[in-house]
Amino acid sequence: MKSGWRLQTQTGCTNTKAQVSQILKYCNSRCLAVVPQGGNTGLVGGSVPVFDEVIVNMSLMNNIISFDKVSGILVCEGGCILENLITFLDNQGFIMPLDLGAKGSCQIGGNVSTNAGGLRLVRYGSLHGNVLGLEVVLADGNVIDMLGTLRKDNTGYDLKHLFIGSEGSLGIVSKVSILTPPKLFSVNVAFLACSDYFSCQKLLMEAKRKLGEILSAFEFLDSKSLDLVLNHLDGVRNPLPPTLHKFYILIETTGSDEPYDRQKLEGFLLHAMEAGLISDGALAQDINQASSFWRIREGIPEALMKAGAVYKYDLSLPVEKMYDLVEEMRTRLSDSANVVGYGHLGDGNLHLNISTAQYDDGILTQIEPFVYEWTSKHRGSISAEHGLGLMKANEIFYSKPTATVSLMASIKKMLDPKGILNPYKVLPHSLSS
Ligand code: FAD
Ligand code: MLT
Ligand code: ZN
């Protein structure tokens, strides 16, 4: 794979949107392919050039344009790093409605373009709900101003949704307007053990019902994921005694009344313990312990990278079926791979990862197309939150009917007739020009 030609917008320049527009106009007129690039943390190869594409890296378009404390609406440029926005908002008493392990590098334009989900979607919903407006530069250099800051606006088609999750294939996101929730100070985190997957599901149902409005994360990992983190990341330790539990759940609550929220969570945990849903657990006593619990969950992708080669699958599935796939995959691969399952259980999103010493075509043929067929059979999605990028573009038909994919291709053709924006990504190769 040849690396592309890298263009960066100039720092300190107030006119960067015009520069992106000029670059695209130029590339379009000469049929030069372009790869929009944010923090380059994507997991499906969407931000990397395949041949000789021009990379338009957005890092220097990183200004915060405005923040309205009354409405909580933030307007910023697409190249702002998510963690910088989190820090900015923290100082204003607000939070970003999304959070993910890659926050230190990923950019809001990349988040919007991948429709990133992350760790708190269960509470704050997806970017389709939180993004109020976008400014987008089209393939021909035209700038489309959809940068509304209104919560309600039913004047015709809401075109910004086309760009949320379009992975740089329809336009470059130069500005984002996003609704941010106020920061609530009562945060509690529990790290729990369950002896079987059925208990994890029941715990989720109970948590939704009993913790209700204060539930802000419900994440799960199996014992093999925990082992990976403990074996490969420095300074991470298991907060529970080393008994063999099969599953672990991280529950976070966020609310505005510390004694009430704590009591509510403690009552819930007691009830879950008595009902036999959890076999052990620890409730963080301070912010450091809470961060150490989160480090276990957020550290899994890093631990997998350190462990060797990894085949990554990001699937939406009915919660009750989800872990069957992990077990079936283990049976298929027997001792040739370490099959781990973790993810955003509260959103029905499984991260199935298969770790091996090195990449091997033999192992790949055991995994694919089985994993996609299984997901399709259970009416799941072969990409819950990471997108299709280069690596999964050809698998789209497992999740979308042919007529829908054809309509996607028509929209692409209309917005980018010369096919310069992120070629070979998102749409199957048979339909991308
Ligand atoms: P990039 O990787 O640079 O690009 C991603 C795609 O968006 C590419 O197709 C690119 O062309 C396009 N793009 C980027 N910027 C723009 C722009 N301004 N305009 C138009 N197109 C653009 N994802 C989740 O959903 N949930 C998670 O919990 C999560 N956790 C992660 C944890 C780790 C440790 C890592 C490494 C990744 C994780 N990811 C997660 C995946 C990744 O971080 C997200 O997809 C993220 O939104 C990508 O943002 P980015 O700025 O790095 O985009
Ligand atoms: C996560 O939830 O940790 C991410 O989506 C990243 C990954 O699955 O590797
Ligand atoms: Zn995830």
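Residues numbered from 1 in each chain as written. Chains lettered and ligands numbered in written order. Predicted model: local features only at pLDDT ≥ 70, side-chain atom pairs only at ≥ 80, totals over all residues.

Brief notes about the sheet that holds strand β9 (residues 186-194)
- Pairing is antiparallel in the open sheet, where 7 strands are placed in the order β12-β9-β11-β10-β14-β15-β13. Strand pairing shows two members of the sheet lacking a second neighbour, β12 (280-283) and β13 (309-316), which therefore form its edges. Averaged over neighbouring strand pairs, the angle between their axes works out to 15 degrees when direction is ignored.
- With 7 bridges joining them, strand β14 (residues 338-344) and strand β15 (residues 349-356) adopt antiparallel strand pairing. The residue bridging V339 from the neighbouring strand is I354, located in β15. (Pairing = 2+ DSSP bridges. Helix = DSSP H or I, 4+ residues; strand = E, 2+ residues; numbered from the N terminus. Axes fitted to C-alpha atoms, helices over the stretch in contact; angles between N-to-C directions.)

Observations concerning the site of ligand 1
- The local shell around ligand 1 holds 37 residues, among which G38, G46, G109, G110 and G168 are the closest.
- For the shell around ligand 1, the secondary-structure elements that each account for two or more residues are β2 (34-37), α3 (108-114) and β8 (172-179).
- With 5 residues, the single largest contributor to the shell around ligand 1 is α3.
- In terms of residue class, the shell around ligand 1 is built from 12 nonpolar, 22 polar and 3 charged. (Near = placed C-beta within 6 Å. Nonpolar A, V, L, I, M, F, W, Y, C, P; charged D, E, K, R; others polar.)

Overview of the sheet that holds strand β6 (residues 131-137)
- Judged by pairing direction, the sheet is antiparallel, and its 5 strands sit side by side in the order β4-β5-β8-β6-β7 without closing on themselves. Single-partner strands in this sheet number two, and they are β4 (64-68) and β7 (143-146). Each strand of the sheet is rotated relative to its neighbour by a mean of 10 degrees, with strand direction disregarded.
- Contacting β6, β7 and β8, helix α1 (residues 16-29) runs over the sheet at an angle of about 50 degrees to β6. (Contact = placed C-beta atoms within 7 Å.)

Re the site of ligand 2
- Surrounding ligand 2, one finds L43, G101, I300, P301, K312, G343 and H351.
- Residue composition of the shell around ligand 2, by class: 3 nonpolar, 3 polar and 1 charged.

So, the nonpolar core
- L192, C194, C200, L203, F218, Y248 and I249 are the most contacted members of the largest nonpolar core, which totals 104 residues.
- At 6 residues, the largest contribution of residues to this core is made by β9.
- Formed by 8 residues, the second largest nonpolar core is a distinct cluster that contains V44, Y424, V426 and L427. (Core = buried A, V, L, I, M, F, W, Y, C linked by C-beta atoms within 7 Å. Buried ≥ 20, exposed ≤ 12 C-beta atoms within 10 Å, placed from the backbone.)

Focus on the environment of G109
- In this structure, G109 sits in helix α3.
- We classify G109 as buried; it has 28 C-beta atoms within 10 Å.
- Distance in space between the C-alpha atoms of G109 and T149 is 17 Å, their sequence separation being 40 residues.
- Discounting chain neighbours no more than four positions away, the residues touching G109 are G38, M58, G78, G79, V173 and V176.

Let's talk about helix α11 (residues 300-307)
- Considered for burial, the residues of α11 that qualify are I300, A303 and L304. Buried positions in α11, seen along its axis, are confined to an arc of 100 degrees and lie on one side of it. (Arc of directions from axis to C-beta.)

Some words on unusual backbone geometry
- The omega torsion across E368 and P369 is 5 degrees, close enough to zero to call that bond cis.
- Relative to the helices and strands, P369 resides in the loop between α13 (361-367) and α14 (370-377).
- A positive phi is found at S334, a non-glycine position, where the angle reads about 35 degrees.
- Looking at the secondary structure, you find S334 in the loop between α12 (319-333) and β14.
- Judged by local crowding, S334 falls into the exposed class, with 9 C-beta atoms found within 10 Å.

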